[in-house]
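Working through the structure, step by step
Each chain is listed here by its residues.
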Amino acid sequence: MNILLTGGTGYIGSHTAVVLAQAGHRVVLFDNLSNSQASTVDRLAQITGQRLPLVVGDVRDEALLANTLRDYAITAVVHFAGLKAVGESVANPLLYFANNLHGTIALLHAMQATGVRQLVFSSSATVYGNPHYLPIDEQHPTGSTNPYGRTKLHVEEMLFDLARSDASWHIACLRYFNPAGAHSSGLIGELPNGIPNNLMPYMAQVATGQRAELTVFGDDYPTSDGTGVRDYIHVMDLAEGHAAALQHLGSQPGWDAINLGTGQGYSVLEMVAAFSRAIGRPLPYRIAERRAGDTAACYADASKALTLLGWQAKRNLDDICSSAWAFQQAHTT
Ligand code: NAD
Ligand code: UDP
């Protein structure tokens with residue numbers, strides 16, 4: 001297949017590029033580099049032995065997208081491009097509507113104009129809002145608690161309407177739980193700008209000494225040790241989930257939503273213990289107040305992905321932490 005990855009130089013896009021290129025697909029990257037670097041192409045070449053084409057552009061540029069789809073005879077698109085910081089979306093919702101909603105509409109117009117009808121969309125467990133029950137299956141009611149989450153939900157709903165209006169579309173919304181870890185080469189991984197919002201990159205920066213200690217947000221949740229529980233999924237497992245979804249999509253018209261998680265939740269303190277094992281010493285932390293808007297626990301029922309795609313996560317928490325640590329060490333000067 002000839003596959004376009006919007007947001008292809010980003011964290012999840014670059015790992016998916018590795019898996020797809022190594023599976024023999026022709027992969028084209030499209031990214032405005034607002035949260036990634038063009039040098040990712042060099043690192044992908046080191047890993048795969050292939051220099052993947054990168055088109056530098058914004059997904060809101062419909063004409064550039066249409067030309068790219070034609071020039072590379074693209075048959076399927078994976079749409080990663082978008083902004084993802086919850087706090088920033090609360091402060092600047094228009095920025096999020098422009099990138100995530102307008103960007104997707106422009107992509108859909110370009111796909112419609114060029115006859116490309118297979119789309120995998122990067123969705124998120126955030127579309128479930130606050131969990132009503134656990135584990136969360138795809139039947140769980142949807143909702144949103146912030147502008148970022150609303151963009152994911154709105155896009156899913158737009159895609160649903162589109163697929164219902166025209167039976168030629170094949171669309172899968174992949175609802176990621178908590179992506180973490182890095183490729184085993186240590187060449188690509190997650191490198192957030194500024195102070196990390198997420199647990200894994202924060203722990204990695206504490207381990208290098210860039211930050212003094214981890215602040216654990218709350219130890220009075222109704223969980224085994226009182227700290228928040230999440231479903232951390234290795235980014236390479238996630239990447240393989242995209243390959244499985246693309247394979248499935250070819251014979252599956254319509255719209256579907258599929259969880260990509262492990263089905264297993266871990267608490268913040270369990271994550272601290274796992275990261276401490278990876279670095280070979282205790283990771284310093286202190287308990288603080290809960291973070292506003294956080295939920296106690298969130299983990300997937302991942303059985304639909306296994307039944308439908310034949311996919312399940314293979315890597316464990318130690319693989320996640322050791323790969324994240326190897327990447328962080330290689331990228332700390
Ligand atoms: P990322 O920021 O590393 O990658 C996104 C890429 O999109 C970046 O390279 C960025 O430069 C690019 N981009 C942003 N806006 C663009 C635009 N208007 N035009 C072209 N390129 C643009 O983020 P990621 O973690 O790889 O996330 C990828 C997707 O997965 C996002 O849609 C995100 O919302 C979704 N997602 C991520 C997580 C997570 O925890 N990382 C969880 C659930 C869903
Ligand atoms: N967390 C924490 N300290 C941090 C960052 C996160 O204790 O500096 C906790 C957070 O409260 C949650 C878990 O770690 O229970 C995962 O948080 P993250 O932001 O990575 O993912 P999300 O909450 O969006 O699922």
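Throughout, residues of each chain are indexed from 1 in the direction in which the sequence is written. By the order in which they are written, chains take letters starting at A while ligands take numbers starting at 1. pLDDT decides what is reported in this predicted model: residues at 70 or higher carry local features, side-chain atom pairs at 80 or more are listed and counted, and totals for whole chains, interfaces and linings draw on all residues regardless. The basis for every side-chain value is the complete set of heavy atoms in the structure, and neither hydrogens nor water enter the calculation.

**Thoughts on the overall build of the protein chain**
This is how it is decided: Counting from the N terminus, the helices are DSSP H or I runs at least four residues long and the strands are E runs at least two residues long. Put simply, the radius of gyration uses C-alpha atoms, and a globule should come to 2.2 Å times the residue count raised to 0.38. Think of it in three bands: residues with accessible area under 20% of the maximum for their type are buried, residues over 50% are exposed, and the middle band is partly exposed, with areas taken using a 1.4 Å probe on protein chains only. The contact rule is simple, with two residues in contact once any of their heavy atoms fall within 4.5 Å.
Summing up its helical and strand segments, the protein chain has 11 helices and 14 strands in all. A globule of 333 residues ought to have a C-alpha radius of gyration of about 20 Å, and the protein chain, at 19 Å, matches this closely. If you line up the protein chain on its principal axes, its C-alpha atoms span 55 × 45 × 40 Å. Taking all 333 residues of the protein chain together, the buried fraction comes to 53%. Of all intrachain contacts in the protein chain linking residues separated by at least 6 positions in sequence, the fraction that spans at least 24 positions is 79%.

**Considerations on the site of ligand 2**
To be explicit about the condition: Consider each residue's heavy atoms; a residue with any of them within 4 Å of a molecule or strand counts as near. Nitrogen and oxygen atoms within 3.5 Å of one another constitute a polar contact, given that in protein one can donate a hydrogen and the other can accept it, and given that sequence-neighbouring residues count only through two side-chain atoms. Note on areas: Shrake-Rupley with a 1.4 Å probe; residue coverage comes only from the protein chains shown. Each residue gets one of three labels, nonpolar for Ala, Val, Leu, Ile, Met, Phe, Trp, Tyr, Cys and Pro, charged for Asp, Glu, Lys and Arg, and polar for the others, Gly among them.
Residues in contact with ligand 2 amount to 14 residues; listed here are only the nearest, L199, T215, R230, R291 and D294. One of the side-chain N or O atoms of R291 is found 2.8 Å from an oxygen atom in ligand 2. Within the side chain of D294, an N or O atom sits 2.5 Å from an oxygen atom of ligand 2. Alone, ligand 2 offers 510 Å² of accessible surface; in the complex the protein occludes 87% of this. With four residues, strand β8 (residues 214-217) is the single largest residue contributor to the shell around ligand 2. Taken together, the residues of the shell around ligand 2 sort by class into six nonpolar, five polar and three charged.

**A look at the sheet that holds strand β9 (residues 229-230)**
By way of backbone hydrogen bonds, the strands of a sheet pair with one another, either parallel or antiparallel. Selection criterion: Two strands make a pair as long as DSSP finds a minimum of two bridges between them.
Pairing in this open sheet of three strands is mixed, and the strands run β12-β9-β14 from one edge to the other. This sheet does not close on itself; its edge strands, each paired only once, are β12 (266-267) and β14 (297-298). Bridge count for β9 against β14 is two bridges, and the pairing is parallel. Directly across from R230, in β14, lies its bridge partner C298.

**Observations concerning helix α9 (residues 268-279)**
Put simply, the test is: For a helix, the expected span equals 1.5 Å multiplied by the residue count minus one.
Here α9 contains 12 residues, and its C-alpha end-to-end distance of 16 Å stays within 8% of the 16 Å for a straight helix at 1.5 Å per residue. Taken together, the buried positions of α9 are V268, M271, V272, A274, F275, S276 and I279. As for α9, its buried residues are in contact with α7 (199-208), β8, β10 (232-234), β12, β13 (285-288) and α11 (317-330). After α9 finishes, the residue G280 shows a positive phi value of roughly 80°.

**Focus: the side chain of H170**
Looking at the secondary structure, you find H170 in strand β6 (residues 170-176). Among residues more than four places away in sequence, those in contact with H170 are R117, Q118, L119, L249, G250, Q252, P253 and G254.

**Overview of the pattern of salt bridges**
The criterion, for reference: Any carboxyl oxygen of Asp or Glu that lies within 4 Å of a side-chain nitrogen of Lys or Arg is treated as forming a salt bridge with it.
Tallied over the full model, the rule gives 13 salt bridges. Put simply, D237 and R315 hold a salt bridge, and the shortest N to O gap is 2.6 Å. Note that D237 is positioned in helix α8 (residues 235-249) and R315 in the loop between α10 (303-309) and α11, a separation of 78 residues in sequence. Accessibility expressed as a relative area gives 0% for D237, which makes it buried. What emerges from the salt-bridge pattern is a single network uniting D237, E240, K314 and R315.

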